[in-house]
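# Breakdown of the fold
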Amino acid sequence: MQATSYALTLPVMVPLMLAVVIYAVGQRSWQLRNGLSVAAALSSFLLVVQHYRTIMADVTLVAEFPELLPPLGVSFRMDHLGFLVAAVVSFVWLLVTIYSTVYMVKEHAKNRYYPFSVLTLAGAMGVILSGDLFTFFLFFEMMSLSAYVLVIHEETAEAMRAGYRYLMLIPAHTKRFLWRRSCPYCAGAN
Amino acid sequence: MPEFMHAPVLIVAVLLLAAFITPLLGKRQAATNAVFLGAGVVALVLSVGMTLRVLAQGTLSYPVGGWPAPYGIVVLVDVFAAYSSLVLATVALIIFWFAAFGPREVRHNGAYFTLILLLTAAMQGMVMAGDLFNLFVFIEISSLAAIAIIAIKGTKESVEASFRYLVLSALGSGGLLFSIALIFMITGHLNMDYIRTTLMVTAEQYPLNLLTSIGLMVVGFGVKAALFPMHVWLPDAHSNAPTASSALLSGLVVKVYIIALMRIAYLALGLEIFALFPIRHLFLALSTGALVAGSVFAMVQDNVKRLLAFSTVAQVGCIFLGFGLFNQRAIEGGVLHILNHAVMKSLLFLTAGVIIHQSGIKKLSQFSGLGRKMPLTFAAFTIGAMSMVGVPGTAGFISKLYLALGALDADMLVFAVLILISSLLNAAYYFPIIISAFFGRDSDAEATDPAFAVLAPVAVLAGMVFFFGMFPSLMVPLVRQTALLFVR
Amino acid sequence: MHDMILEMLGRILIPATQLFGAYILFHGHLSPGGGFSGGTIIGASFIFYSLVYRFSDKKHRLKHETSLWFEVGGALIYVGSGLVGILFGRHFLTNQGVFPIGEPGRLWSSGMILLVTLGIGAKVAGTVFKLFQELLEGGAEPDGHH
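Keep in mind that what you see is a predicted model, and the values were worked out from it rather than measured.

All names here are of chain A. Strands sit in the order β1-β2-β3 across an open sheet of 3 strands; the sheet is mixed. Bordering the open sheet on either side are β1 (2-4) and β3 (74-78), each of which pairs with just one other strand. Across the sheet, the mean angle from the axis of one strand to that of its neighbour is 25°, orientation sign disregarded. Two strands pair when backbone bridges link them, and β1 and strand β2 (residues 60-65) are joined in this way by 3 bridges, in the parallel orientation. Its bridge partner being in β2, A3 is matched across the sheet by L61.

So, on to the interface of chain B and chain A. Counting residues at the interface gives 32 residues for chain B and 29 residues for chain A. Both sides of the chain B and chain A interface together cover about 2,500 Å² of buried area, and 77% of this is carbon and sulfur. Counting the contacts that link chain B with chain A gives 0 salt bridges. At the surface where chain B touches chain A, the tally comes to 0 residue pairs in polar contact (both at pLDDT 80 or more). Among the elements of the structure, α17 (395-409), α18 (413-439) and α19 (452-470) of chain B are those that each provide at least two residues to the side of chain B that touches chain A. Looking at the side of chain B that touches chain A, the element that brings in the most residues is α18 of chain B, giving 12 residues. Tallied by class, the residues present in the side of chain B that touches chain A amount to 24 nonpolar, 4 polar and 4 charged.

Attention now goes to the interface of chain B and chain C. It is common to report an interface's size as the accessible area lost on association of the parts. Between chain B and chain C, the residue contacts involve 19 residues of the former and 18 residues of the latter. Roughly 1,600 Å² is buried in total at the junction of chain B and chain C, and carbon and sulfur atoms are behind 75% of that figure. Joining chain B to chain C, the criterion identifies 0 salt bridges. Applying the counting rule to chain B against chain C returns 2 residue pairs in polar contact (both at pLDDT 80 or more). Broken down by secondary-structure element, the contributors of at least two residues to the side of chain B that touches chain C are α1 (7-21) and β1 (60-63) of chain B. Of the residues belonging to the side of chain B that touches chain C, the class tally is 13 nonpolar, 4 polar and 2 charged.

A cluster of nonpolar residues, L68 of chain A together with F466, F467, M470, F471 and L474 of chain B, forms a patch on the protein surface that exposes about 510 Å² of accessible area. For L68 of chain A, the position within the fold is in the loop between β2 and β3.

How each quantity is defined
Residues numbered from 1 in each chain as written. Chains lettered and ligands numbered in written order. Predicted model: local features only at pLDDT ≥ 70, side-chain atom pairs only at ≥ 80, totals over all residues. Heavy atoms only, no water. Pairing = 2+ DSSP bridges. Helix = DSSP H or I, 4+ residues; strand = E, 2+ residues; numbered from the N terminus. Axes fitted to C-alpha atoms, helices over the stretch in contact; angles between N-to-C directions. Contact = heavy atoms within 4.5 Å. Buried area = accessible area lost by both parts, 1.4 Å probe. Salt bridge = Lys/Arg side-chain N within 4 Å of Asp/Glu carboxyl O. Polar contact = N/O pair within 3.5 Å; in protein donor to acceptor, adjacent residues only side chain to side chain. Nonpolar A, V, L, I, M, F, W, Y, C, P; charged D, E, K, R; others polar. Patch = residues over 30% accessible without salt bridge, like charges linked within 9 Å, V, L, I, M, F, W, Y side chains within 5 Å. Areas by Shrake-Rupley, 256 points an atom, 1.4 Å probe, with all protein chains shown as cover.

Right, here's the structure in full:
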């Protein structure tokens, strides 16, 4: 059974919005910044878990936005597997964020780390909850690009080299997804 | 409904009027700016009204002086012309804004603004022209004004670059004039509609004349639009011009000639021409060359403005690719790319100008660490670069997606691969700039973000990159109907 | 330097040239000629004037603003007479029905054409003289700063 629920976009949109807020408040107060980062991961987790009863009732949730980014459109979808993975990922992210508030104390550039960590979470949630390969591709690209900043956090020569290699692989990888998405599209169109 | 009936001529007339008034104001800076920006705003309002009217009521044909078609000059505004005029008016207004309040690079703003306004008026006239002679007059005005806004910087390099542009552009104009003369010889008309109906009868009797004419036309417009092997003037010209000129030239001027060529193709020559002559194959071959060569040349540049100029060569190839593939999606992609590339390349050129002005650094090898000193400027540059690479959520992604889907629709997988390769090449020369600027070692250069008034137009363009990346549906009705003009 | 021969020649030739130019200009719609040729002749008279008087007398010197006003005024007349058509609810540059046409063959006829010819004449005269000024001053800045 399928049901439309636009609340499905919230686990993605809330961290996305909060990332901007975290970057803005990070300049002023580190307490607020760290607190908001944890709150972003927590809210993402809660927003996933709230669908527990619906999913257990064998209902697949979908949210479709065909008008966004025509001609392909954007859609979200949550079934048993999606629910499980989304819940686990956001929960682990919550733990990691709590851990990093302590671990990162001695690190530099924390104002960069937290917003991009939350942005990566938004991308990851988007990848998990995506309803079609095109949406998957969109969020995969977002996740990969923001993860680049986390990869090179050390800014040592070694990290930069690894980061550059990683960055050059992103377009190659993601375009392959687009490719796979397009072939059936092409076959269907003719 | 008589609203905006006069918009096609009023847009050109208002810009021309402002062009004539600005030199009179002399040193009164505030008044000059007011006239300059006022003309841009009025043109934009008229263009929006005209577009809405065209969408509601179909093609608007305006007989100048009240003389009917075969005798008088007709201004013909179909969806393609309305879309082009809207793009021109919007992007030009933002560049006007930057020219008025950005860093001063030209001694006489009065004369500079006159030239910019003349150029914009000519471009507006060109996309709406309904007969070939009128079109040619506007082409000449825009070519001369474009050359002048490069040379006005007054440095040795800019004068040399503009002279080279002048020679090649004059060659192109000569070709166009000859081609128009040949068409007039075959048909006896200059009005595009009448040429098309006459050609249906006479084309078979004069195949050689028609072939020569089309060849000259493609070469003439190709030189002016910097289609791949004819692009040699572009890198010097666009990189040595003042910042606002570079943005205007790279963002709008090269594309106007593509629009004019395609308008002639479907209005005057008729779409049968694509079946009779291998124009599409020519476009496909040349745009492949442009996409690869432009990107490869861009990679080895050390001057930021030259890199952007070579990137324009590649992106012009992208637009031609859309018309070469010639199906609904591909043409939609090419037409969308006219807007998207105008927005993102103006953004990149304006930020590059700001960076050069604030830090005095032109060389990419010295950009290391600059991003931390001027974060807002480099954030804008990053947005533009991401759009050039085609990161989802930005405008560049949408047009590349449409082009790739168009290539698949045309069963030409190789061009979909080509687009992916070009995106990868773009990433290979844009991302290192950003990485070294934000994460590189600190250099000695002193630089700060400029005042808000300078950055405001840049911020608007950056916003537009995201806006057209997220909500392309705003332009879709216009773009779809434009594509339908070609593939009926 | 004061050259008697040049000045006497100028006194005769300049008014004669200008009268001839005006004749060509005003008969543009009746006989060969019109804005471009008439304007060039009038512009040539300006050049002659400045050649005769420029070196002797600062007072008689024609200023850059003068040629600028000629140029801009001419262009404004053209665009302005085009806009009159729209004001009267017709098309841009409409002549018939907006301007009094008069009797064909007479000087005051053809409505807007005479007006437009005058605009072109002013513009061309200004441009010809402006080019001369620019060449004379060897690329100096237009507002006189060297």
